[in-house]
Amino acid sequence: MEKKINPHKEYNKGISRYNPHDNLTEDQLNLLIHNCNVYGVSSVIKKKYVDQLEKLESAEEILNKQNK
């Protein structure tokens, strides 16, 4: 009897290994958040990417204000 693989569970395991503190771009973070929604990744993992995106966006706002 062959073991059936659940692709959502496997994706959940794989995405949880990524370190959200890596230098990810805004597009990459948005894609990761989208994939979390599509594959039903736990909210704890998704929150890491949302927090990182918020930090990135706030840093961009600060830089834009300084450059004006």
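Looking only at helices and strands, the protein has three helices and zero strands in total. Ordered by position in the sequence, the α and β elements of the protein form the string α-α-α. Here the protein, with 68 residues, has 18% of them falling under the buried criterion. Excluding contacts between residues fewer than 6 apart, the proportion of contacts in the protein whose partners are at least 24 apart in sequence is 65%.

With that settled, consider the pattern of salt bridges. The tally for this structure, following the rule as stated, stands at one salt bridge. For Lys-47, the salt bridge identified is with Asp-51, shortest N-O distance 3.0 Å. Taken together, the residues span about one helical turn, with Lys-47 and Asp-51 both in helix α3 (residues 43-66) at a distance of four residues. For Asp-51, a relative accessible area of 29% puts it in the partly exposed group.

With their axes 9 Å apart at the nearest point, helix α2 (residues 26-39) and α3 run at an angle of 155° to one another. Between α2 and α3, the interaxial angle falls into the category roughly antiparallel. You can see that α2 and α3 cross each other, and the crossing is left-handed. Mapping the contact onto sequence places Glu-26, Leu-29, Asn-30, Leu-32, Ile-33, Cys-36 and Asn-37 in α2 and Lys-46, Tyr-49, Val-50, Gln-52, Leu-53, Leu-56, Glu-57 and Glu-60 in α3. In terms of residue class, the contact of α2 with α3 is built from eight nonpolar, three polar and four charged.

This paragraph deals with the nonpolar core. Residues Leu-29, Leu-32, Ile-33, Cys-36, Val-41, Ile-45, Tyr-49 and Leu-53 constitute the largest nonpolar core, which totals eight residues. Within the residue set of this core, elements represented by two or more residues are α2 and α3. Considering every element that reaches this core, the biggest residue donor is α2, with four residues.

Definitions and limits used
- Residues numbered from 1 in each chain as written.
- Predicted model: local features only at pLDDT ≥ 70, side-chain atom pairs only at ≥ 80, totals over all residues.
- Heavy atoms only, no water.
- Helix = DSSP H or I, 4+ residues; strand = E, 2+ residues; numbered from the N terminus.
- Buried < 20%, exposed > 50% of the residue type's maximum accessible area, 1.4 Å probe, protein only.
- Contact = heavy atoms within 4.5 Å.
- Salt bridge = Lys/Arg side-chain N within 4 Å of Asp/Glu carboxyl O.
- Axes fitted to C-alpha atoms, helices over the stretch in contact; angles between N-to-C directions.
- Parallel < 35°, antiparallel > 145°, perpendicular 65-115°, else oblique.
- Left-handed = near helix turned anticlockwise from the far one by under 90°.
- Nonpolar A, V, L, I, M, F, W, Y, C, P; charged D, E, K, R; others polar.
- Core = buried A, V, L, I, M, F, W, Y, C linked by side-chain atoms within 4.5 Å.

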